[in-house]
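Chain by chain, the residues:
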Amino acid sequence: MSTSALLAGLTLAAQYLVGRNGAANFTSVQACVDSATAGDTCTVSAGMYKETVVVRNGVELKGLPGATLVGSEALPDNWELWKGQIYRQMVPQEFRFRIVQAFVDGNHMTEARWPNAVMADYLNASSWATEKSGSVYGMLVDPDLAATNIDWTGAIATLNTDIRVYTYTRTVQNYTLGSDHFNYTTPLPGTKERPPSHYIGSLYYLSGLLDALDSPGEWFFDNQTNYFYMWMPDAAAPGTRVSVRVRDLCYDGLQQSPNEPLKLSGFNMVSCTYTMQACDGCMVSDLNITYPTHIREIEFREPDEGRKMPNSTFLLGNDSTIERVHLKYSSINGLLLIGFRNRVEDCLIESTNWLGSLDFPSIYIGFGKVNAGHHLRPQIVWGEDNVITRVTLNGFGNSGIVTSQLSCEVSYAYVKNGGLIGCDHAGIHADNDPAPCMFNTSASNCTKYFHHNWVHDCREKCFRGDDASVNMTVHDQVIFNCGWFDRDPVCGDASAGLVIKGDYHTVYSVTVFNVSDENHRATGDAFIPTSPGPPPPGCNATTCRPENAHSSFWNIAAHKIDNTGGPPLNQSAVFVGAMYQGNYSTYGLADPDAFNFVPLSSSPLYESGTVRPPFTPIVDGHAPNVGGMATGDQWRPGCVSFPGCVPSPSTGRR
């Protein structure tokens, strides 16, 4: 075949420019995508683009510096001063749907609620009210309700209730002005009726009523009258400074051919986010996403079958990569991935899961189809060999990184300030989903690796391999400041730094310190049960096998190692090496206030570890240390591309 014939059969990828100047081919991103074909690239110039870009044809989207996709629209300057400092307007026809988020000058404002709160307080449990004595399943009691002088009938109650794993929204029923209680609809999927003591200390707040609008920076939308009310944070007239979220997605991608992977890079996204589905080798990179997702009602935890899942930052597919993404200010999850052999690398996730529910981790992998049963998505476990590496998570309402029991790797993760609202959480959490892994030692798709991670300042647990975990290898971890009993007795009473349940684990080179108050703590710095454990399904106290009977543990430093009354660890596990159980003050770490956790030569941890090649060999004639840092170690976890990725030595520990 001639060269000319070969060239004639080739289709060269086209490059298009989107922008607002004369050099651009298009002024709309969607217009460019619609005109392009698979393999073409739409490069987007600096500017604000208020659209949902729907990609079905394999076109690459690339943003130049300053290219911003926006999910909000400004309300017109049609305000009237309604009462006091509260303005209102009849919203335009195109905005007449359920408004869930509002901004002033691009800054998130709070929907009218009680107790009052500003965004800086959303991840502070003190900004919620608490259930008091007399509360039961379906009825909330709080004497502080009477002092509000508001009839709360018909309001939205946001409930982080029972053992505070999940959060629900329900309509307030049977409230009488001046009363100390109201009713709400049950059941609450994922929980059940429990003794009244379980509800004392549970969290809630109320919203959805105009009467709750009583503070600067609050807003309310009446979807019956279509009036929007705004109390400006600075007492100025609103003008055109107020905007509302009108679209959740600014990128909606679906790969329709195996040879046409989706590629998205270089954008700012404000009050919107992306989804990608049916991916095979897709790429997401270099995004700054602010206010990606926001919901006010948790519809998928309604008791009926008409559950609606929220839009979220989501990738469904295989062999895809998410890298250099900075995501912040989400009322629900951060990154959600479903599929095989996906990779998350060099990402910074901040201030997520304001609702405090286990349904919304900062990063969620290894689960499958949506099914609101016990959990949000784990009812169908799907997705193996996923990798999370070089990520930083800072500030989240429940768990941070949540994986299924299927094979995965979590490495060089820096996880801090977590579990700030809900309970029974962990900074890094291998969940106890109904996977085929339960005690299945021959299943290669159940092998998990967690290494070179730092986890600290989580209100309850820091690292957790949950019930029926199997085949975890955990090493080179530094875990500290876990459990805050003084600030939250409900969560703090179950504090632990390292939790290893299940069996067939290999755990070594871990440093744990500063876990709650030992006078109140239910478990140890390291909680490694050896008595019979809960699952598999149908297992009971007489038929359950002992936990960790085939696990190995060595070179762990922890003030207290608790086995819940089972046989001593060195009589139950298959291998137990050097352990150091002493007060943190005797650890002899180089400079923990500057995040230097390497033992000094005078430390009892120094070169006193068990030699067990290839895991902890002798190196240059030196035995290994006990704990998570070897002598001379310089590694630090976390992302690398953003400010705030790694701890600053000047900040010290909490």
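Structure report, in brief.

## Details of the overall build of the protein chain
Part 1 of the reasoning: A tally of helices and strands in the protein chain yields four helices and 48 strands.
Part 2 of the reasoning: The buried share among the 654 residues of the protein chain stands at 59%.
Part 3 of the reasoning: Taking as baseline every contact in the protein chain between residues at least 6 positions apart, the subset at least 24 positions apart corresponds to 65%.
Part 4 of the reasoning: When the accessible surface of the protein chain is summed, it comes to about 24,200 Å², and 50% of that surface belongs to carbon and sulfur atoms.

## Describing unusual backbone geometry
Part 1 of the reasoning: The linkage connecting Thr186 with the following residue, Pro187, adopts the cis geometry, with an omega of 10 degrees.
Part 2 of the reasoning: Within the fold, Pro187 resides in the loop between strand E17 (181-183) and strand E18 (203-207).
Part 3 of the reasoning: Of the consecutive residues Pro613 and Pro614, the connecting peptide bond is found in the cis state with omega at 0 degrees.
Part 4 of the reasoning: With a phi angle near 55 degrees, Tyr291 is a residue other than glycine that sits in the positive phi range.
Part 5 of the reasoning: Turning to its location among the elements, Tyr291 is positioned in the loop between strand E26 (283-290) and strand E27 (314-318).
Part 6 of the reasoning: Non-glycine residue Asn555 carries a positive phi angle of around 55 degrees.
Part 7 of the reasoning: Looking at where Asn555 falls in the secondary structure, it is placed in strand E43 (residues 552-557).

## Notes on the pattern of salt bridges
Part 1 of the reasoning: Applying the stated criterion to the full structure yields 22 salt bridges.
Part 2 of the reasoning: In this structure, Arg56 and Asp252 form a salt bridge, with 3.5 Å as the shortest nitrogen-oxygen distance. Of this pair, Arg56 sits in the loop between strand E4 (53-55) and strand E5 (60-63) while Asp252 sits in strand E22 (residues 249-254); the two residues are 196 residues apart in sequence, bridging distant segments of the chain.
Part 3 of the reasoning: Overall, the relative accessible area of 18% leaves Asp252 in the buried class.
Part 4 of the reasoning: Residues participating in the shared-partner salt-bridge network are Asp424, Glu460, Lys461, Arg464 and Asp466.

## Considering the nonpolar core
Part 1 of the reasoning: Within the largest apolar cluster, 74 residues are counted, with the highest numbers of intra-cluster contacts made by Met269, Tyr274, Met276, Ile322 and Ile401.
Part 2 of the reasoning: Those residues in contact with Met276 that sit more than four places away from it in its chain are Tyr251, Gly253, Leu262, Leu264, Cys282, Met283, Val284, Phe314, Leu315 and Leu316.
Part 3 of the reasoning: In terms of nonpolar packing, the next biggest core, distinct from the first, is built from 31 residues, Ala155, Tyr166, Leu209 and Trp231 among them.

## Focus on the packing of aromatic side chains
Part 1 of the reasoning: Enumeration over the complete set of coordinates arrives at 32 aromatic pairs.
Part 2 of the reasoning: Measuring from centroid to centroid gives 5.8 Å for Tyr16 and Phe26, while their planes differ by 70 degrees, and the two rings are edge-to-face. Within this pair, whereas Tyr16 is found in strand E1 (residues 15-18), its partner Phe26 is found in the loop between E1 and helix H2 (29-35), the two being separated by ten residues in sequence.
Part 3 of the reasoning: Given the relative accessible area of 24%, Tyr16 is considered partly exposed.
Part 4 of the reasoning: With a relative accessible area of 17%, Phe26 lands in the buried category.
Part 5 of the reasoning: On the numbers, 6.2 Å between centres and 45 degrees between planes, the contact of Tyr227 with Tyr229 is tilted.
Part 6 of the reasoning: Over the ring of Phe575 we find Arg612; its NZ or CZ atom is 3.9 Å from the centre of that ring.

## Focus: the sheet that holds strand E38 (residues 461-465)
To summarise the sheet geometry, strands pair through backbone hydrogen bonds and adopt either a parallel or an antiparallel arrangement.
Part 1 of the reasoning: If you trace the twelve strands from one edge of the open sheet to the other, you get E4-E22-E25-E27-E29-E31-E33-E36-E38-E40-E42-E44, paired in parallel fashion. Two strands close off the open sheet at either side, each with one partner strand: E4 and strand E44 (561-562).
Part 2 of the reasoning: Note: strand E29 (residues 335-338) against strand E31 (residues 363-365), two bridges, orientation parallel. Each bridged residue has a counterpart across the sheet, and for Leu335 the counterpart in E31 is Ile363.

Criteria and cut-off values
- Residues numbered from 1 in each chain as written.
- Predicted model: local features only at pLDDT ≥ 70, side-chain atom pairs only at ≥ 80, totals over all residues.
- Heavy atoms only, no water.
- Helix = DSSP H or I, 4+ residues; strand = E, 2+ residues; numbered from the N terminus.
- Buried < 20%, exposed > 50% of the residue type's maximum accessible area, 1.4 Å probe, protein only.
- Contact = heavy atoms within 4.5 Å.
- Areas by Shrake-Rupley, 256 points an atom, 1.4 Å probe, with all protein chains shown as cover.
- Salt bridge = Lys/Arg side-chain N within 4 Å of Asp/Glu carboxyl O.
- Core = buried A, V, L, I, M, F, W, Y, C linked by side-chain atoms within 4.5 Å.
- Phe/Tyr/Trp six-rings, centres within 6.5 Å; stacked < 30°, edge-to-face > 60°.
- Lys NZ or Arg CZ within 6 Å of the ring centre and 35° of its normal.
- Pairing = 2+ DSSP bridges.

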